Amino acid sequence: MSSSPALSRSSSPVQDTDEFMACMAEAMQSSPVRLQGILGKRPAEGDEERDELDEEGDTDSRNTMNSSGNGVVPGLSFRPNPNDVNTVRQFASRKRLKPEQITEVEVFLQEPPLVREGKMFATLLATFNKADEIVLSTPPFQVSAELKKNMDHYATAFLLSTHISTYKGASNKASFMKILNTVPIDIPAKILAAPANRTKMETAAGNALTQARGAFKKALVASAKASPQMDIITLAREFIKNTKCEISVPLCCRIALMRKVFQSHPGNKFWDKLNMELSKIKKLAKGDARALVRAFQFLYEEDKRTYGSGTVESSPIKDTVDAFQQQVDDLIRTGELDLATTNASSSSSGATGSVGGANGGGGMDG
């Protein structure tokens, strides 16, 4: 019995790679490979029709793949299951893709795996580029009007607190910044992580303190020129105008100290002299809170005897500060924001007449 040429070639040893690939190609053409049989899976109902569709496209697929030289084993088709394509199409519709985008997805499913992977990676890089463009186009941080307004409220309460140890200087500004970082104001999350943004915040905080000191001094100037004389309650109203602070005995005590110093030093050295006077009072109190209260109470009573006591509408003046002022006082009293400890060296040098240099010198006042 004679054997066919194909069988005789397949039974003889293969001498080189080219001859082996030629044998494989001829075998594929005469008997296409069915993956289900190789993997040992039993064909499901309806798969026979699907296999026939796959076999019809085998010739075109082999020609395309072989001509492209992509190294894919001949005989394997990239035509997807129609049911899978329909499932992906429905998913794309639910995700509200545009019609032309859904068409692109369908075309994508027809392409070889290497092409699909390459396109996905290219799309990922394009997405990164677009994200970079969005970040670069974001406008730089600016202190908003609402944030400035909140800063002004806290600057007034901060400078009128009975717990600060200096009214002006670098340490005064640093302590005020710590309070702004603690209280719930309109500072965007993580905005201070960028040095440029932090510089803008520090500048705005310094401006808020300067404006508050300027408003205080303007009120003191008006009180010195007032006729009849301006009592302590009327003066306090000028100090806290357009802020969240309320009139109280502790607040009036601080204002009384300011007016006493202003009468002797109304010029540019006012804030430096005020720092020195406050340092002297604290030194005499020797850390005794009751002694400090008595000293400020004496100034308050002296101011009322000189300029009049005034009245508060509907209710007597409060002996304790309001809730907003109390919030600021509590922050200052905490270990982290304890200004007395932070400015200990400045306070002792101020008692000897050098506080002006320790707290920013005799620069321009607000």
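Criteria and thresholds
- Residues numbered from 1 in each chain as written.
- Predicted model: local features only at pLDDT ≥ 70, side-chain atom pairs only at ≥ 80, totals over all residues.
- Heavy atoms only, no water.
- Helix = DSSP H or I, 4+ residues; strand = E, 2+ residues; numbered from the N terminus.
- Buried < 20%, exposed > 50% of the residue type's maximum accessible area, 1.4 Å probe, protein only.
- Contact = heavy atoms within 4.5 Å.
- Patch = residues over 30% accessible without salt bridge, like charges linked within 9 Å, V, L, I, M, F, W, Y side chains within 5 Å.
- Areas by Shrake-Rupley, 256 points an atom, 1.4 Å probe, with all protein chains shown as cover.
- Salt bridge = Lys/Arg side-chain N within 4 Å of Asp/Glu carboxyl O.
- Polar contact = N/O pair within 3.5 Å; in protein donor to acceptor, adjacent residues only side chain to side chain.
- Phe/Tyr/Trp six-rings, centres within 6.5 Å; stacked < 30°, edge-to-face > 60°.
- Axes fitted to C-alpha atoms, helices over the stretch in contact; angles between N-to-C directions.
- Parallel < 35°, antiparallel > 145°, perpendicular 65-115°, else oblique.
- Left-handed = near helix turned anticlockwise from the far one by under 90°.
- Core = buried A, V, L, I, M, F, W, Y, C linked by side-chain atoms within 4.5 Å.

### Comments concerning the overall build of the protein
At step 1: Of the regular secondary structure elements, the protein holds 19 helices and 0 strands.
At step 2: Expressed as a percentage of the 366 residues in the protein, the buried residues total 32%.
At step 3: Partitioning the intrachain contacts of the protein with sequence separation of at least 6 by distance along the chain shows that 70% fall at a separation of at least 24.

### Some thoughts on a nonpolar patch on the surface
At step 1: Residues F121, L124, L125 and F128 make up a contiguous nonpolar surface patch of about 390 Å² in total accessible area.
At step 2: Locating F121 in the fold gives a position in helix α8 (residues 113-137).

### Details of unusual backbone geometry
At step 1: Omega for the bond connecting S227 with P228 falls within 30 degrees of zero, at 0 degrees, which places this linkage in the cis form.
At step 2: You will see that N242, though not glycine, has its phi angle at about 65 degrees, which is positive.
At step 3: Of note, N242 is situated in the loop between α12 (232-239) and α13 (249-264).
At step 4: Look at N242 and you get exposed, because its relative accessible area is 71%.
At step 5: For K286, which is not glycine, the phi dihedral falls at a positive 55 degrees.
At step 6: The topology assignment puts K286 in the loop between α14 (270-285) and α15 (289-307).

### Comments concerning the side chain of T166
At step 1: Within the secondary structure, T166 sits in the loop between α9 (145-159) and α10 (170-182).
At step 2: A distance of 3.0 Å separates a polar atom in the side chain of T166 from the backbone oxygen of K168.
At step 3: Among the polar contacts made by the side chain of T166, one reaches the side chain of N275 at a distance of 3.3 Å.

### Considering the pattern of salt bridges
When the charged atoms of two side chains lie near each other, side chains of opposite charge can form a pair.
At step 1: Within this structure, the stated rule accounts for 10 salt bridges.
At step 2: Residues E202 and R198 are paired through a salt bridge, measuring 3.2 Å at the closest nitrogen-oxygen approach. One end of the pair is E202 and the other is R198, both in helix α11 (residues 195-225) and 4 residues apart, which spans about a single turn.
At step 3: We classify R198 as partly exposed; its relative accessible area is 31%.

### Quick look at the packing of aromatic side chains
At step 1: The tally for this structure, following the rule as stated, stands at 6 aromatic pairs.
At step 2: Measuring from ring centre to ring centre gives 5.6 Å for F262 and F270, while their planes differ by 85 degrees; the resulting arrangement is edge-to-face. Taken as a pair, F262 and F270 share a single burial class, namely buried.
At step 3: On the numbers, 4.8 Å between centres and 65 degrees between planes, the contact of F270 with W271 is edge-to-face. Residues F270 and W271 agree in their burial class; the two are buried.

### Concerning the packing of α13 against α15
Geometry of a packed helix pair, given as the angle between the helix axes and the separation of the axes.
At step 1: Across the interface, α13 lies against α15 with an axial gap of 8 Å and an inter-helix angle of 70 degrees. Judged on the interaxial angle alone, α15 and α13 are roughly perpendicular. With respect to the hand of their crossing, α13 and α15 are arranged in left-handed fashion. Between α13 and α15, the residues in contact are V249, C252, C253, R254, A256, L257, R259, K260 and Q263 and F296, Q297, L299, Y300, E302, D303 and Y307, respectively.

### Things to note about the nonpolar core
At step 1: Counting residues in each nonpolar core, the largest one holds 61 residues, and the members touching the most others are Y154, F158, Y167, F176, F239, L257 and M258.
At step 2: Of all the elements, α13 adds the most residues to this core, at 10 residues.

### Description of the packing of α14 against α15
At step 1: For the pair α14 and α15, interaxial distance at closest approach is 8 Å and the crossing angle is 135 degrees. With respect to their mutual orientation, α14 and α15 come out oblique. Here α14 runs over α15; the crossing is right-handed. Contacts from L278, I281, K282 and A285 in α14 reach A291, L292, A295, F296 and L299 in α15.

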